[in-house]
Amino acid sequence: MALRTIRVEGDSVLTKKSRPVDKMTPRLQELIDDMLDTMYEAMGVGLAAPQVGILRRIVVIDVGDGPIVLINPEIIESAGEQTGEEGCLSVPGMAGTVTRPEFVRVKAMDENMEEVIYEGEGLLARAFCHEIDHLDGHMYTELVEGDLHKVTYEEDEEN
Ligand code: ZN
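Colleague: Looking at this structure, how should I read the overall build of the chain?
Modeller: Counting secondary structure elements, the chain contains 2 helices and 8 strands. N-terminal to C-terminal, the α/β element order of the chain is α-β-β-β-β-β-β-β-α-β. Its C-alpha radius of gyration of 15 Å places the chain within 12% of the 15 Å reference for a compact globule of 159 residues. Each of the three principal axes of the chain carries a C-alpha extent, and together these read 40 × 40 × 35 Å. Looking at the chain residue by residue over its 159 residues, the buried ones come to 43%. Summed over all atoms, the accessible surface of the chain reaches about 8,800 Å², with 47% contributed by carbon and sulfur.

This is the structure:
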């Protein structure tokens, strides 16, 4: 398992546009594996390649139903609206209210560079939108209604 350093807000890599992937390589496969490890270690539900300093259009997501890897993802349809709390591994300890579509359909490639279509509702739709925004250099903080606030995590008590 290899963890990468998650870049935090203020790092200019997070404001840049990522380049599409045209073919899978061992190096990119290693990046994807490391992104999954890094996301799980940080207990996030999604991570985009620019968040680990790599400007390529790659996203990993797991909202609790298993890992999803998206290469060159695009939102091809969206519907409805949801307003709720959102956070980002690049803005640690903070959250804010963001309105997103309730449903999105995403077209992407998988790790074998085969076309895949995903449909997401609720949290998954939110994760698709949030992570794909990172590939264009956008952060959820641009969309927050009102102020960001601190989130406190309860420590696990092992006894
Ligand atoms: Zn994020």
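Colleague: Quick question: what am I supposed to make of the nonpolar core here?
Modeller: One recurring pattern in soluble globular proteins: nonpolar side chains tend to sit buried together. One finds V59, I61, I68, L70, V104, V106 and F128 to be the most contacted residues of the largest nonpolar core, which totals 16 residues. Mapped onto this core, the elements with two or more residues apiece are strand 2 (58-61), strand 3 (68-79), strand 6 (103-109) and helix 2 (123-135). Tallying contributions element by element places helix 2 first for this core, with 7 residues. Formed by 15 residues, the second largest nonpolar core is a distinct cluster that contains L36, M39, A49 and V60.

Colleague: Mind showing me how you'd approach the pattern of salt bridges here?
Modeller: For side chains of opposite charge, pairing can occur when their charged atoms come near one another. Applying the stated criterion across every chain yields a total of 9 salt bridges. A salt bridge links R57 to D136; its shortest N-O distance comes to 3.2 Å. Here the residue R57 occupies a position in the loop between strand 1 (46-48) and strand 2, and D136 occupies one in the loop between helix 2 and strand 8 (145-150), the gap between them amounting to 79 residues. The class for R57 is buried, based on a relative accessible area of 12%. The residue E86 makes a salt bridge to R100 at a minimum N-O spacing of 2.7 Å. Residue E86 is found in strand 4 (residues 82-86), and its partner R100 is found in strand 5 (residues 94-100); the two are separated by 14 residues along the sequence. One exposure class covers both E86 and R100, and it is buried. A network of salt bridges, in which partner residues are shared, links E86, R100, R126 and D133.

What counts, and at which threshold
- As a convention, each chain's residues are numbered from 1 in the sequence order in which they are written.
- Reporting in this predicted model follows two pLDDT cut-offs: at least 70 for local features of residues, and 80 or more for side-chain atom pairs to be given and counted; totals over whole chains, interfaces and linings ignore these cut-offs and use all residues.
- Remark: hydrogens and water are excluded; side-chain values derive from all non-hydrogen atoms of the structure.
- Each helix corresponds to a stretch of at least 4 residues labelled H or I by DSSP, and each strand to a stretch of at least 2 residues labelled E; elements are numbered beginning at the N terminus.
- Throughout, radius of gyration means the C-alpha value; the globule benchmark is 2.2 Å times the number of residues raised to the power 0.38.
- The rule is simple: take the accessible area with a 1.4 Å probe, protein chains only, and divide by the maximum for that residue type; under 20% is buried, over 50% is exposed, in between is partly exposed.
- Note on areas: Shrake-Rupley, 1.4 Å probe, and residue coverage restricted to the protein chains presented here.
- Joining through side-chain atoms within 4.5 Å is the link that ties buried Ala, Val, Leu, Ile, Met, Phe, Trp, Tyr and Cys residues into a set, and such a set is a nonpolar core.
- One speaks of a salt bridge when a side-chain nitrogen belonging to Lys or Arg is within 4 Å of a carboxyl oxygen belonging to Asp or Glu.

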